[in-house]
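Notes for the structure review
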Amino acid sequence: MTDPRIKRTRLHVLETTRRMLSERNGETITLSSLAKEAEVSRRTLYVHWGTIEQVISEAVSLAPGGDGFDSEGLSNRERVVHFLGSVRDGIHEPITKVALTSLIHHATQEDKAVASMNDMSDKRLQQLRDLIGPVTAEQFAELVGPVYFSELVLHEPASDALIGRLADGAVELLGAGEAVAHS
C-alpha cells in the first residue's frame, strides 16, 4: 500500500502542474520551476516522474470526466459515440489543451516527450478496447484523429454530427456491428 503522504504529494504536484499550465503566459514549465512552485525538491520530481513531459502527461489524466460510465446494454456504436465525446471533452478542457499542445511541441524535438505522448495514446486506446474489443493503433488513429484535428488545428470542438459520422465509420471499420456488447 502506498504511503498516504506520497499520494498527497503526487496529487499536489499534479494539481500545481495543471494550475501552472492554466496560468502560464507562453513560459515553459521546467522541473525546476515546478519544484519551486509546488514546494518540493527536484529530486522528488525525478524520483516520481523523471521528466517534465511525464509530469504533464499524468497531469492531463487528472482532467474531469469519464468516471462512472456504464456501457452495459449499449451498442458498440453508442459506446464509440460516448468514447469520442469524452475524447472531445477532454481535449477541449483548457488545461488539457495547453498540456497537449506543449507535449506535441516537445515531441518534435525530444524522445522523452514522444514516449509521454505514446503512453497517453496507449491509455486511451486501451479504454476503447475495453469498450468495444480489439482495435489496432491505426484504427484508433483513424477514429480519434479528426477529433484532435478539429480541436487542436481548427480550434473548434468536434461536432456531435462529426462524432456520429466517425462512430458510423467505426462500426464499419472495426466490424463491430450494431449488436449490443456485453461487459
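So, here is what we can say about the structure in this document. (Residues numbered from 1 in each chain as written. Predicted model: local features only at pLDDT ≥ 70, side-chain atom pairs only at ≥ 80, totals over all residues. Heavy atoms only, no water.)

A word on the nonpolar core. The biggest cluster of nonpolar side chains holds 45 residues, and the ones touching the most others in it are Val13, Leu34, Leu45, Val55, Phe83 and Leu84. Contributions of two or more residues to this core are made by α1 (4-23), α2 (31-38), α4 (52-60), α5 (76-92), α6 (94-107), α7 (111-132), α8 (137-152) and α9 (160-174). In this structure Val13 touches Leu34, Ala38, Val40, Leu45, Trp49 and Val55, once residues within four positions along its chain are discounted. (Core = buried A, V, L, I, M, F, W, Y, C linked by side-chain atoms within 4.5 Å. Buried < 20%, exposed > 50% of the residue type's maximum accessible area, 1.4 Å probe, protein only. Helix = DSSP H or I, 4+ residues; strand = E, 2+ residues; numbered from the N terminus. Contact = heavy atoms within 4.5 Å.)

What follows is about unusual backbone geometry. Positioned with a positive phi, Glu39 is a non-glycine residue whose angle comes to about 60°. Relative to the elements of secondary structure, Glu39 occurs in the loop between α2 and α3 (42-48). Positioned with a positive phi, His155 is a non-glycine residue whose angle comes to about 60°. By the element assignment, His155 lies in the loop between α8 and α9.

Attention shifts here to the environment of Arg19. Looking at where Arg19 falls in the secondary structure, it is placed in helix α1. What makes Arg19 partly exposed here is its relative accessible area of 31%. Each C-alpha atom, one on Arg19 and one on Ala59, is 9.9 Å from the other, the two residues being 40 residues apart in sequence.

This part covers the packing of aromatic side chains. The tally for this structure, following the rule as stated, stands at one aromatic pair. Taking 6.4 Å as the distance between ring centres and 55° as the angle between the ring planes, the aromatic pair formed by Phe83 and Phe140 counts as tilted. Pair noted here: Phe83 is in helix α5 and Phe140 is in helix α8, with a separation of 57 residues, a long-range link. You'll find Phe83 and Phe140 in the same group, each marked buried. (Phe/Tyr/Trp six-rings, centres within 6.5 Å; stacked < 30°, edge-to-face > 60°.)

An ideal rise of 1.5 Å per residue puts 24 Å on 17 residues; α5 measures up with 24 Å between its terminal C-alpha atoms. Buried-residue contacts for α5 involve α6, α7, α8 and α9. (Expected span 1.5 Å × (residues − 1).)

A pair of packed helices is characterised by two quantities: the angle between their axes and the separation of those axes. Contact geometry of α6 with α8 gives a least axis separation of 12 Å together with a crossing angle of 105°. In terms of orientation, α6 lies roughly perpendicular with respect to α8. Two secondary-structure elements touch here, α6 through Lys97, Leu100, Thr101 and Ile104 and α8 through Tyr148, Glu151 and Leu152. Class assignment for the residues of the contact of α6 with α8 results in four nonpolar, one polar and two charged. (Axes fitted to C-alpha atoms, helices over the stretch in contact; angles between N-to-C directions. Parallel < 35°, antiparallel > 145°, perpendicular 65-115°, else oblique. Nonpolar A, V, L, I, M, F, W, Y, C, P; charged D, E, K, R; others polar.)

Moving on, we come to a nonpolar patch on the surface. Residues Phe149, Val153 and Leu154 make up a contiguous nonpolar surface patch of roughly 290 Å² in combined accessible area. Within the secondary structure, Leu154 sits in the loop between α8 and α9. (Patch = residues over 30% accessible without salt bridge, like charges linked within 9 Å, V, L, I, M, F, W, Y side chains within 5 Å. Areas by Shrake-Rupley, 256 points an atom, 1.4 Å probe, with all protein chains shown as cover. Salt bridge = Lys/Arg side-chain N within 4 Å of Asp/Glu carboxyl O.)

Applying the stated rule across the entire model yields nine salt bridges. A salt bridge links Asp89 to Arg88, with the shortest nitrogen-to-oxygen separation between them at 3.2 Å. On the basis of relative accessibility, which here comes to 15%, the residue Arg88 falls in the buried class. The residue Lys97 makes a salt bridge to Glu151 at a minimum N-O spacing of 2.7 Å. You can see Lys97 sitting in helix α6 and its partner Glu151 sitting in helix α8, a full 54 residues away along the chain.

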